[in-house]
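Letter by letter, the chains look like this.
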Amino acid sequence: LYTEAERYRDAFHLMRVAITAHPNSPLTQKIQDQAAKTFEAIFMGDRGSSLEPAEALALFYDYRMLTPPGRRGDEMIRRLAERLVSMDLLKQASELLQHQVDRRLQGAARADTATRLATIYLMDRQPERALTVLRSTRMADLSNELRTKRLLLEARALTEVGRHDLALEIVSDMEGREVERLRADIHWHARHWQLAAEQIERMFGERWRDALPLDGIERTDILRAAIGFALADDAIGLDRLRQKYAGAMDRSPDKRLFEVLTVPSASRGEEFAEAARA
């Protein structure tokens, strides 16, 4: 009755009372089996959709003895962690996955979960922890996709702790859109303004010829490139960027911002400084 009424904590508490009072009773075993099914339905199915994330996490910790063994249990914990991430409960999600990495998983599954854990640590602005978990789960026999993902995360974490040269060295032989963006971010964090601006411009290639409007992320990148060229006093690069993207920016909400950021150095004032800070 408690389960049907979605009073899950009461149902699980009854299970615990039954185990304490009548541990060898067939009826206790039946109650325990039913509780295990309910627990799995909450964290693997739709039953737990009505629970708040904090409530679901507390329920999991209080009755985690009901977690199924093996891959099924690992998948349950992973899903709960992703639900916590979606609600910005990064600390709680990282604690769940850290336990998985430390106690439950081995081999490639451990490296895969560690990769997700490192991502969450970076989201939570803890690059040192991201580096620690990546380095402690290194192994040779990984898929190329997972190895690449881990290298990119390591480079990003190194960037966050100020080791820009090492971060660039890690991605030196790598290719792809994500790698190009990461290189731009590394140069930006290192205050290599000219290199950051040139990297962004190179990343966009012939995008300026495309009639499709720039989206919000693209516009932000172009504005960052403008700031980079401006701070590097690269008048030629700034003029080139203005000629390429003035039309696209004129049709966007960032028209005025782009105009302010691409003015010649002699005309810059407080409005430029405020725009650059923004």
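Preceding block: the structure.
Values in this document were obtained by computation on a predicted structure and should not be read as measured data.

K.L.:
Before we move on, can you summarise the overall build of the chain with the specific residues and values?
P.N.:
Helices and strands together make up the secondary structure of the chain, namely 15 helices and 0 strands. The C-alpha atoms of the chain give 26 Å as radius of gyration, which overshoots the globular expectation for 278 residues (19 Å, by more than 25%). For the chain, the residues scored as buried account for 41% of the 278 residues in total. Accessible area for the chain stands at about 15900 Å²; split by element, carbon and sulfur atoms hold 50% of it. Averaged over its 43 positive side-chain charges, the chain has a centre that lies 3 Å from the centre of its 45 negative ones.

K.L.:
Explain the packing of helix H10 (residues 177–189) against helix H11 (residues 193–204) to me, using residue names and the numbers behind them.
P.N.:
Here H10 crosses H11 at 160 degrees, and the two axes come no closer than 7 Å. Considering their axes alone, H10 and H11 lie roughly antiparallel with respect to each other. Crossing angle aside, the handedness with which H10 passes H11 is left-handed. For the pair formed by H10 and H11, the contact residues are Arg177, Glu180, Arg181, Arg183, Ala184, His187 and Trp188 on the first element and Trp193, Leu195, Ala196, Gln199, Ile200, Met203 and Phe204 on the second. Partitioning the contact of H10 with H11 into residue classes produces 8 nonpolar, 2 polar and 4 charged.

K.L.:
How would you sum up unusual backbone geometry? Please name residues and give values.
P.N.:
One non-glycine residue, Glu6, adopts positive backbone phi at about 60 degrees. Of note, Arg125 is a non-glycine position whose phi angle comes to about 60 degrees, a positive value. For Arg125, a relative accessible area of 76% corresponds to the exposed category.

K.L.:
So what's going on with the side chain of Arg183? Which residues, and what values?
P.N.:
By secondary structure assignment, the location of Arg183 is in helix H10. Of the residues examined, Arg183 reaches a relative accessible area of 13% and is grouped as buried. At 2.9 Å, the side chain of Arg183 and the backbone oxygen of Met174 are in polar contact. Arg183 has contacts with Val171, Ser172, Met174 and Gln199, leaving out every residue within four places of it along the chain.

K.L.:
So what's going on with the nonpolar core? Which residues, and what values?
P.N.:
In this structure, Phe12 and Val171 are the most contacted members of the largest nonpolar core, which totals 48 residues. The residues contacting Phe12, other than those within four sequence positions of it, are Ala35, Thr38, Phe39, Ile42, Leu59, Tyr63 and Leu66. If you look at the next biggest cluster of nonpolar residues, it comprises 22 residues, including Met203, Ile222, Leu241 and Val260.

K.L.:
Could you give an account of the pattern of salt bridges, with specific residues and numbers?
P.N.:
Inspection of the entire model under this criterion finds 26 salt bridges. Arg116 is the salt-bridge partner of Glu82, the closest N and O atoms lying 2.7 Å from each other. You can see Glu82 sitting in helix H4 (residues 70–86) and its partner Arg116 sitting in helix H6 (residues 107–123), a full 34 residues away along the chain. Classification of Arg116 by relative accessible area gives partly exposed; the value is 27%. Members of the salt-bridge network, linked through shared partners, are Arg156, Arg181, Asp185, Asp221 and Arg224.

K.L.:
Can you lay out the side chain of Arg150 for me, pointing to particular residues and giving the numbers?
P.N.:
Assignment of secondary structure puts Arg150 in helix H8 (residues 144–160). For the buried residue Arg150, which engages in no salt bridge, the nearest side chain bearing the opposite charge is Glu154, 7.0 Å off. Side chain to side chain, Arg150 and Thr115 meet in a polar contact 3.5 Å long. Excluding residues within four positions of it along the chain, Arg150 makes contact with Ala111, Ala114, Thr115, Leu134, Thr137, Arg138 and Leu142.

K.L.:
Kindly report on the packing of aromatic side chains, identifying the contributing residues and their values.
P.N.:
Inspection of the entire model under this criterion finds 8 aromatic pairs. Ring geometry for Phe39 against Phe60: centres 6.0 Å apart, planes inclined by 25 degrees, an arrangement best described as stacked. In this pair, Phe39 is assigned in helix H2 (residues 26–44) and Phe60 in helix H3 (residues 53–62), connecting sequence segments 21 residues apart. According to the relative accessible area criterion, Phe60 is buried, its value standing at 3%. Centroid distance Phe60 to Tyr61: 6.0 Å. Interplanar angle 65 degrees. Geometry classified as edge-to-face. What links up through ring pairs into an aromatic cluster is the set Phe12, Phe39, Phe43, Phe60, Tyr61 and Tyr63. Looking at Arg268, its charged tip hangs above the ring of Phe272, at a distance of 5.2 Å from the centre.

Criteria and thresholds
- Residues numbered from 1 in each chain as written.
- Predicted model: local features only at pLDDT ≥ 70, side-chain atom pairs only at ≥ 80, totals over all residues.
- Heavy atoms only, no water.
- Helix = DSSP H or I, 4+ residues; strand = E, 2+ residues; numbered from the N terminus.
- Rg over C-alpha atoms; globule rule 2.2 N^0.38 Å.
- Buried < 20%, exposed > 50% of the residue type's maximum accessible area, 1.4 Å probe, protein only.
- Areas by Shrake-Rupley, 256 points an atom, 1.4 Å probe, with all protein chains shown as cover.
- Lys, Arg positive; Asp, Glu negative; His and termini not counted.
- Charge placed at Lys NZ, Arg CZ, Asp CG, Glu CD.
- Axes fitted to C-alpha atoms, helices over the stretch in contact; angles between N-to-C directions.
- Parallel < 35°, antiparallel > 145°, perpendicular 65-115°, else oblique.
- Left-handed = near helix turned anticlockwise from the far one by under 90°.
- Contact = heavy atoms within 4.5 Å.
- Nonpolar A, V, L, I, M, F, W, Y, C, P; charged D, E, K, R; others polar.
- Polar contact = N/O pair within 3.5 Å; in protein donor to acceptor, adjacent residues only side chain to side chain.
- Core = buried A, V, L, I, M, F, W, Y, C linked by side-chain atoms within 4.5 Å.
- Salt bridge = Lys/Arg side-chain N within 4 Å of Asp/Glu carboxyl O.
- Phe/Tyr/Trp six-rings, centres within 6.5 Å; stacked < 30°, edge-to-face > 60°.
- Lys NZ or Arg CZ within 6 Å of the ring centre and 35° of its normal.

Everything listed is a geometric property; what it means functionally is a separate question.
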